[in-house]
2 protein chains.
Amino acid sequence: MTTATSPRELAHPARDEIRLEGVLHALSDPMRLCVVRELAAAGSEVACSYIELPVTKSTTTHHFRVLRESGVIRQTYRGTAKMNGIRRADLDALFPGLLDAVLSAAESQAARLDTA
Amino acid sequence: MTTATSPRELAHPARDEIRLEGVLHALSDPMRLCVVRELAAAGSEVACSYIELPVTKSTTTHHFRVLRESGVIRQTYRGTAKMNGIRRADLDALFPGLLDAVLSAAESQAARLDTA
DNA sequence: CCGGTCGTACGATAACCTTCGTAGTACGTC
DNA sequence: GACGTACTACGAAGGTTATCGTACGACCGG
């Protein structure tokens with residue numbers, strides 16, 4: 001018996017509700033940019049715990065929520081895990097080239113800072 | 001006679017000091033995104049007062065400073081005016097395609113929201 | 001049913017960000 | 001030199017954000 005409300009469905013913005021400013025803000029945090037890079041590298045959907053961040057679990061939950069509510073990722077429950085995937089189709093349709101530009105920029109900057 | 005310190009030169013980050021997160025954060029504010037769009041549309045350098053924002057002058061100064069310190073724009077004094085221009089060469093070299101993707105995304109979103 | 005794992009909710013805190021108003025500095029013009 | 005314009009500096013209020021700790025709910029395996 002659950003406590004009457006068990007919201008097993010997560011709220012996502014529709015495609016036409018996604019705002020450029022919100023996406024840019026979501027990606028402007030180092031933690032979240034790291035998450036998006038790993039999700040893009042993984043290609044398919046991965047669990048929250050798959051991505052290790054140097055923060056506590058509650059903070060991780062917070063960042064995933066910001067990414068979901070800004071429309072960058074889609075989250076679905078699968079058993080005890082929560083799977084995360086980039087909304088590439090929506091983002092590419094709304095902002096062509098933006099996600100790829102950010103991802104390659106992040107990669108080249110990471111390489112630049114590593115070998116510095 | 002100035003009061004001993006007259007910083008007529010403004011501090012700008014060097015090209016290799018520009019961080020992707022900082023640029024994304026600078027562009028994630030509606031006011032600043034508006035400024036960048038107008039600067040890009042103008043092409044050449046324009047004065048601060050050329051761009052009208054629905055905020056006071058001190059707030060405008062603040063936003064221009066954020067844009068400058070993140071490396072998005074370059075500011076130079078010219079007499080009583082301060083000229084502003086996008087650092088397109090630096091941004092394109094560091095993050096190829098990013099600025100254009102953001103600008104076209106902002107334009108298409110503005111069109112989408114206008115005709116809604 | 002019990003335990004373990006995964007993730008959430010809530011409260012708290014400290015830092016940050018946006019905005020403003022006021023006062024002040026630099027520059028060109030008269 | 002005096003005045004007006006353009007922008008800045010500083011301080012403050014208000015809201016938002018990032019982070020944590022603790023306690024809790026959902027699910028799977030024995």
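See the structure above.
Throughout, a residue's number is its position along its own chain's written sequence, starting from 1. Following the order in which they are written, the chains are lettered starting with A and the ligands numbered starting with 1. Note on the predicted model: pLDDT of at least 70 is required for a residue's local features to be given, and 80 or more for side-chain atom pairs to be given and counted; whole-chain, interface and lining totals, by contrast, use all residues. No hydrogens and no water enter the side-chain calculation; it runs on all heavy atoms of the structure.

A.B. asks: Looking at this model, I keep getting lost on empty space enclosed by the protein. Mind explaining?
C.D. replies: The rolling of a water-molecule-sized probe over the atoms marks out the regions of remaining empty space. Here a cavity denotes a set of grid points, spaced 1 Å apart and computed over the protein atoms alone, in which a 1.4 Å probe fits but from which it cannot get out, and a pocket denotes an open set meeting protein on both sides within 12 Å along at least five of seven lines; residues with an atom within 4 Å of a point are reported as lining. Grid points are joined across faces, edges and corners, and a volume is the space filled by probe spheres set on the points. Evaluation of the coordinates by the stated rule reveals two cavities of 30 Å³ or more. What the largest cavity holds in volume is close to 50 Å³. Along its surface, the largest cavity is lined by A:Val23, A:Leu27, A:Val72, A:Leu91, A:Phe95, A:Leu98 and A:Leu99. When residues are sorted by character, Ala, Val, Leu, Ile, Met, Phe, Trp, Tyr, Cys and Pro go into the nonpolar class, Asp, Glu, Lys and Arg into the charged class, and all the rest, Gly among them, into the polar class. For the lining of the largest cavity, the class distribution of residues is seven nonpolar, no polar and no charged. In this model, the second largest cavity occupies a volume close to 40 Å³. Lining the second largest cavity are B:Val23, B:Leu27, B:Leu91, B:Phe95, B:Leu98, B:Leu99 and B:Val102. If you list the elements that add at least two residues to the lining of the second largest cavity, you get helix 1 (20-27) and helix 5 (98-114) of chain B. Counting residues per element, the lining of the second largest cavity draws most heavily on helix 5 of chain B, at three residues. Partitioning the lining of the second largest cavity into residue classes produces seven nonpolar, no polar and no charged. Each helix is a run of H or I in the DSSP string that is no shorter than four residues. Each strand is a run of E no shorter than two, and both are numbered from the N terminus.

A.B. asks: In this structure, what is going on with the nonpolar core? I would like to understand it.
C.D. replies: Only buried residues count toward a nonpolar core, which is a set of Ala, Val, Leu, Ile, Met, Phe, Trp, Tyr and Cys residues joined through side-chain atoms within 4.5 Å. The buried label applies to any residue whose accessible area, calculated with a 1.4 Å probe on protein chains only, is under 20% of its type's maximum; exposed applies above 50%, and partly exposed to all values in between. In terms of nonpolar packing, the biggest core is built from 56 residues, with A:Val72, A:Phe95, B:Val72 and B:Phe95 touching the most fellow members. Ignoring sequence-local partners within four residues, the contact set of A:Phe95 consists of A:Ile18, A:Arg19, A:Leu20, A:Val23, B:Ala105 and B:Gln109. Contacts are assigned to residue pairs with any non-hydrogen atoms lying within 4.5 Å of each other.

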